[in-house]
Amino acid sequence: MAGTKLVAIGLDGAAPDVIERLVNQRRLPNFGRIFKEGCFGRLRSVRPGISAPAWTSAVTGVNPGKHGIFEFGYYDGYRWKLVDSTRRRSPAIWEIAGAAGKTVCVINVPVTYPPDKVNGVMISGVWATLDSEFTYPQSLREDLLRSGYQIEPSYESIVSALMDAGKATYGLAEDAWTVEEKRMTVTVDLMKRMNPDLCIVVFVSPDRLQHFLWSHVDIIEATYQRLDAIVGEILAHIDSDTNVTLLSDHGFGALQKSLRVNVLLRQLGLFSTRTTMPALLRKVGVTEANMFRIARKLLGRRRLRRVANRRTAGLRRLLRGFRLHIPRTGLATYEEADWRGTRVY
């Protein structure tokens, strides 16, 4: 590694078995080039091997016990709160680089909301919303919104894929691919404008699609082929003074079984819930998931996608302002627990 600059391309949830097979079949030429000209290996992820602590370890170089992020959330008493960048206790590589006078460009790394005040630019990843201040500097946000930038596939497309088969699954894939294409365009544009010493960008389509569509081999393979093209586009805009790293937070595989502990505890009479508005709404089938399914039929997929992309968070706050705490799914949450009648939770 003779270069003085670094471009790190993250692939959330990359499945090494799939990648190796497609490289060997010569279907991922840019991945294959990196493997041939550089090196390739499998690393053990952190424990727990999930995105929030794993990506934080990747950018800090320390384990979750030191950087303080173990999950996508944490408990404040009995209340579950989403983790954010303010919980990180160790400096990230962009902070160290910035302190040494290096310019940085950080795009879509998980647990970077709210964005750090870096020596360069930062676009926050998961949990940030388009109606929040998800960029540093803040002026970058308006440019991204005008360009049609999205942080994640729309909630509506995910719900549609969960509720329906066939076309809905391909709709989610197309949505995710569109998000990644736009992210690549933004990344290349910033690289050309800034020529940063350090550029880190994370593409999340492997994780998002494999969670829902792992059995759809054609979609998963097409996703890696599209990512290969994205990697090739980024490689085309770097110079000989730049090192390139591909990395992931964890691998992926088929889910054979799952256990929802609180559902089991409730069936055993060990976990009790109160009669709350969310519980009553859930009992009659009123959940956000069901509402999106109905709205999709009434509004049509394209129109609802535009609404869902920009207004979901604001709509949820409005509804809660009227104390209509509409549950997201059919599963009870800790806020509904009746602790007097609960023995195990």
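Cut-offs applied
- Every residue gets a number counted from 1 within its own chain, in the order that chain's sequence is written.
- Where local features are concerned, this predicted model is filtered to residues with pLDDT of at least 70; where side-chain atom pairs are given and counted, the filter is 80 or more; whole-chain, interface and lining totals use all residues.
- The basis for every side-chain value is the complete set of non-hydrogen atoms in the structure, without hydrogens or water.
- For the purposes of this section, nonpolar cores are sets of buried Ala, Val, Leu, Ile, Met, Phe, Trp, Tyr and Cys residues that join through side-chain atoms within 4.5 Å.
- With a 1.4 Å probe rolled over the protein chains alone, any residue whose accessible area is under 20% of its type maximum counts as buried; one over 50% counts as exposed, and the rest are partly exposed.
- Helix and strand assignments follow DSSP, with helices taken as H or I runs no shorter than four residues and strands as E runs no shorter than two, numbered in order from the N terminus.
- Here, two residues are considered to be in contact whenever any of their heavy atoms come within 4.5 Å of each other.
- Note on scores: pLDDT gives the predictor's confidence for each residue, bounded by 0 and 100.
- Orientation is described by lines fitted to C-alpha atoms, with helices fitted over the stretch in contact, and by angles between N-to-C directions that extend from 0 to 180 degrees.
- Any angle between 65 and 115 degrees counts as roughly perpendicular, while under 35 counts as roughly parallel, over 145 as roughly antiparallel, and the rest as oblique.
- The residue classification treats Ala, Val, Leu, Ile, Met, Phe, Trp, Tyr, Cys and Pro as nonpolar and Asp, Glu, Lys and Arg as charged. All others, Gly included, are polar.
- In what follows, salt bridge is the name for a side-chain nitrogen of Lys or Arg lying within 4 Å of a carboxyl oxygen of Asp or Glu.

A look at the nonpolar core
If you look at the biggest cluster of nonpolar residues, it comprises 46 residues, and the most contacted ones within it are Ile123, Phe134, Tyr149, Phe203, Leu209, Tyr224 and Ile234. Among the elements that line this core, the one with the most residues is helix H8 (residues 167-194), at nine residues. Beyond its immediate chain neighbours, meaning those up to four positions away, Ile123 contacts Val106, Ile107, Asn108, Val109, Thr112, Phe134, Thr135, Leu140, Leu144, Tyr149, Val186 and Leu190.

Details of the confidence of the model for the chain
For the chain, the average pLDDT comes to 87, and 85% of its residues sit at 70 or higher. Across residues 318-323, where pLDDT falls below 50, the model places four contacts with residues more than four positions away in sequence or in other chains.

Quick word on the packing of helix H9 (residues 205-213) against helix H10 (residues 217-235)
For the pair H9 and H10, interaxial distance at closest approach is 10 Å and the crossing angle is 175°. For the element pair H9 / H10, the angle class is roughly antiparallel. Only Ile219, Ile220, Thr223, Tyr224 and Leu227 of H10 make contact with H9, whose side of the interface consists of Ser205, Pro206, Leu209, Gln210 and Leu213. Taken together, the residues of the contact of H9 with H10 break down into seven nonpolar, three polar and no charged.

Examining the side chain of Ser205
Within the element layout of this structure, Ser205 appears in helix H9. With a relative accessible area of 2%, Ser205 lands in the buried category. The contact partners of Ser205, leaving out residues within four places of it in the chain, are Ala176, Glu180, Gln210, Thr223 and Leu227.

Side note on H9
Along H9, seven of the nine residues are buried, which leaves the element largely enclosed by surrounding structure. Taken residue by residue, H9 has Ser205, Pro206, Asp207, Arg208, Leu209, Gln210 and Leu213 as its buried positions.

Some thoughts on unusual backbone geometry
The omega torsion of the bond from Arg47 to Pro48 falls at -5°, within 30 degrees of zero and hence cis. Mapping Pro48 onto the fold places it in the loop between helix H2 (29-37) and helix H3 (51-60). Looking along the chain, the bond that leaves Tyr136 and enters Pro137 is cis, with omega of -5°. When you line up the elements, Pro137 lands in the loop between strand E6 (135-136) and helix H6 (139-147).

Focus: the pattern of salt bridges
For the structure shown, the criterion picks out 16 salt bridges. When the shortest N-O distance is used, the salt bridge between Asp239 and Lys5 registers 2.9 Å. Pair noted here: Asp239 is in the loop between H10 and strand E8 (242-247) and Lys5 is in strand E1 (residues 5-11), with a separation of 234 residues, a long-range link. Of the charged contacts in the structure, one is a salt bridge between Arg33 and Glu37, with a shortest N-O distance of 3.6 Å. Of the two residues, Arg33 and Glu37 both sit in helix H2, four residues apart, roughly one turn of that helix. Taking the relative accessible area as the measure of exposure, Arg33 reaches 42% and is therefore partly exposed. One network of salt bridges, in which partners are shared, links Asp17, Glu20 and Arg42.

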